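If you want the building blocks of each chain, they are given just below.
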Amino acid sequence: AQSVTQPDIHITVSEGASLELRCNYSYGATPYLFWYVQSPGQGLQLLLKYFSGDTLVQGIKGFEAEFKRSQSSFNLRKPSVHWSDAAEYFCAVGEGNNDMRFGAGTRLTVKP
Amino acid sequence: DGGITQSPKYLFRKEGQNVTLSCEQNLNHDAMYWYRQDPGQGLRLIYYSQIVNDFQKGDIAEGYSVSREKKESFPLTVTSAQKNPTAFYLCASSIGTGGDEQYFGPGTRLTVT
């Protein structure tokens with residue numbers, strides 16, 4: 001069955017520190033991969049997506065993610081976190097005509 | 001501006017009443033979705049529609065109903081059969097399904113007492 005796992009429920013980092021949010025998926029073929037961000041009480045905004053090609057994908061707000069087929073992972077990274085990055089982050093996976101599957105989310109807290 | 005609108009932002013109902021949540025998009029997308037979000041559980045798919053006059057159940061369709069009479073509209077009715085209706089509801093749309101990016105509305109927080 002298709003599944004998406006975000007192992008970290010909550011992460012706290014200091015402002016200016018680097019960030020990595022983990023995402024693992026279980027899919028039969030090469031999926032389409034997404035990272036979304038959600039501020040409290042708001043909808044989701046797309047940060048970046050991977051369909052094919054270069055496995056390192058650049059997104060908005062200085063985020064990037066790397067697709068590693070051998071590890072079934074699509075981790076999100078940012079070199080230097082800003083206080084405004086505090087939010088909930090969702091990894092999602094889609095495949096063909098199937099509906100998209102979302103992970104449970106990782107809540108990011110940024111310490112001053 | 002193109003986008004998805006959901007109304008109202010907050011909705012309060014008494015137990016036993018049906019309530020309909022609105023979702024409209026002007027992106028000319030074929031596919032539309034309804035998700036329920038509860039703390040710590042991420043997004044769970046309630047219903048989705050790939051085309052007008054057609055829709056499919058998602059993972060948690062019991063107690064919900066939808067219609068898709070127009071391309072731009074996909075209202076969700078939370079019926080009295082839904083045992084725990086209090087939640088944050090998100091509507092989304094995409095050009096197609098599966099591999100296409102989904103665009104989200106701002107959500108409706110429903111509280112049933």
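Check the entry above for the structure.
How each quantity is defined
Residues numbered from 1 in each chain as written. Chains lettered and ligands numbered in written order. Predicted model: local features only at pLDDT ≥ 70, side-chain atom pairs only at ≥ 80, totals over all residues. Heavy atoms only, no water. Salt bridge = Lys/Arg side-chain N within 4 Å of Asp/Glu carboxyl O. Helix = DSSP H or I, 4+ residues; strand = E, 2+ residues; numbered from the N terminus. Buried < 20%, exposed > 50% of the residue type's maximum accessible area, 1.4 Å probe, protein only. Core = buried A, V, L, I, M, F, W, Y, C linked by side-chain atoms within 4.5 Å. Contact = heavy atoms within 4.5 Å. Phe/Tyr/Trp six-rings, centres within 6.5 Å; stacked < 30°, edge-to-face > 60°. Lys NZ or Arg CZ within 6 Å of the ring centre and 35° of its normal. Buried area = accessible area lost by both parts, 1.4 Å probe. Polar contact = N/O pair within 3.5 Å; in protein donor to acceptor, adjacent residues only side chain to side chain. Pairing = 2+ DSSP bridges. 1 Å grid on protein atoms, 1.4 Å probe; cavity = no way out; pocket = protein on both sides within 12 Å on 5 of 7 lines; lining within 4 Å. Points joined across faces, edges and corners; volume = space filled by probe spheres on them. Nonpolar A, V, L, I, M, F, W, Y, C, P; charged D, E, K, R; others polar. Disulfide = S-S within 2.5 Å.

Q: Mind showing me how you'd approach the pattern of salt bridges here?
A: A side chain of one charge can pair with a side chain of the opposite charge when the charged atoms of the two come close. The full count for this structure, using the stated rule, is nine salt bridges over all chains. Lys71(B) is the partner of Asp30(B) in a salt bridge, and the nearest nitrogen-oxygen pair spans 3.4 Å. Placement of the pair is Asp30(B) in the loop between strand 3 (19–25) and strand 4 (31–37) and Lys71(B) in the loop between strand 7 (64–66) and strand 8 (76–78), with a sequence separation of 41 residues. Residue Asp38(B) is joined to Arg36(B) by a salt bridge in which the shortest nitrogen-to-oxygen separation is 2.7 Å. Asp38(B) sits in the buried class, given a relative accessible area of 12%. Looking at Arg36(B), the relative accessible area reads 5%, which means it is buried. Among the ionic contacts, a cluster of salt bridges with common partners joins Glu64(A), Glu66(A) and Arg77(A).

Q: Looking at this structure, I do not really get the nonpolar core. What am I missing?
A: A general trend in soluble globular proteins is that nonpolar side chains are found buried together. Leu19(A), Trp35(A), Leu47(A), Leu48(A), Phe74(A), Leu76(A) and Tyr89(A) are the most contacted members of the largest nonpolar core, which totals 27 residues. The biggest single contributor to this core is strand 10 (residues 87–94) of chain A, with four residues. Apart from the residues lying within four places of it in its own chain, the contact partners of Leu47(A) are Trp35(A), Tyr36(A), Val37(A), Gly59(A), Ile60(A), Lys61(A), Phe63(A), Leu76(A) and Tyr89(A). If you look at the next biggest cluster of nonpolar residues, it comprises 20 residues, including Leu11(B), Cys23(B), Leu76(B) and Ala87(B).

Q: Would you mind going over the packing of aromatic side chains with me for this structure?
A: Describing an aromatic ring pair means giving the distance of the ring centres and the angle of the ring planes. Taken as a whole and assessed by the stated rule, the structure comprises 16 aromatic pairs over all chains. When the centroid spacing of 6.4 Å and the interplanar angle of 45° are considered together, the rings of Tyr50(A) and Phe74(A) count as tilted. Note that Tyr50(A) is positioned in strand 6 (residues 44–50) and Phe74(A) in strand 9 (residues 73–78), a separation of 24 residues in sequence. Assigned by exposure class, Tyr50(A) and Phe74(A) land together as buried. One aromatic cluster is present, formed by Tyr32(A), Phe34(A), Tyr36(A), Phe51(A), Phe102(A), Tyr33(B), Tyr35(B), Tyr48(B) and Phe104(B) through successive ring pairs. Above the face of the Phe74(B) ring, Arg68(B) is positioned so that its terminal group lies 6.0 Å from the ring centre.

Q: Please explain the interface of chain B and chain A as it appears in this structure.
A: Contacts between the two partners involve 22 residues from chain B, matched on the other side by 23 residues from chain A. Across the interface of chain B and chain A, roughly 1600 Å² is buried in total on both sides, 51% from carbon and sulfur atoms. At the surface where chain B touches chain A, the tally comes to two salt bridges. For the salt bridge of Asp59(B) with Arg101(A), the shortest nitrogen-to-oxygen distance reads 2.5 Å. Put simply, chain B and chain A have five residue pairs in polar contact (both at pLDDT 80 or more) between them.

Q: Quick question: what am I supposed to make of the pairing of strand 9 of chain A here?
A: One face of the sheet, then the other: side chains in a regular strand alternate in exactly this way. All names here are of chain A. The element strand 9 is largely enclosed, with a buried count of five among its six residues. Alignment of strand 3 (residues 19–21) against strand 9, held across three bridges, turns out to be antiparallel. Note on strand 9: the bridge partner recorded for Leu19 is Lys78. Inspection of the sheet shows strand 8 (residues 64–68) paired to strand 9 by five bridges, in the antiparallel sense. Following the sheet pairing, Glu66 is matched in strand 9 by Asn75. Count of turn residues in the strand 8/strand 9 antiparallel hairpin: four residues, of which Ser72 carries a positive phi of about 50°.

Q: Can you walk me through the layout of surface pockets in this structure?
A: The method is simple in principle: a probe with the dimensions of a water molecule rolls over the atoms, and the space it marks as empty is what remains. Considering only enclosed or pocket space, the largest pocket measures out at about 400 Å³ in volume. Lining the largest pocket are 19 residues, with Gln38(A), Glu88(A), Gln37(B), Pro39(B) and Gly40(B) positioned closest to its centre. For the lining of the largest pocket, the class distribution of residues is seven nonpolar, eight polar and four charged.

Q: Before we go on, may I ask you to explain the state of the cysteines in this structure?
A: The bond known as a disulfide is covalent and runs between the sulfur atoms of two cysteines. Taken as a whole, this structure holds two disulfides over all chains when the rule is applied. The partner cysteine of Cys23(A) in its disulfide is Cys91(A), sulfur to sulfur 2.0 Å. Negative torsions about the S-S bond denote left-handed disulfides, and the value of about -65° found for Cys23(A) with Cys91(A) makes this one left-handed. Linking Cys23(A) in the loop between strand 3 and strand 4 (24–26) with Cys91(A) in strand 10, this pair joins segments that are 68 residues apart in sequence. Side by side, Cys23(A) and Cys91(A) carry an identical accessibility label, which is buried. Disulfide partner of Cys23(B): Cys91(B), at an S-S distance of 1.8 Å.

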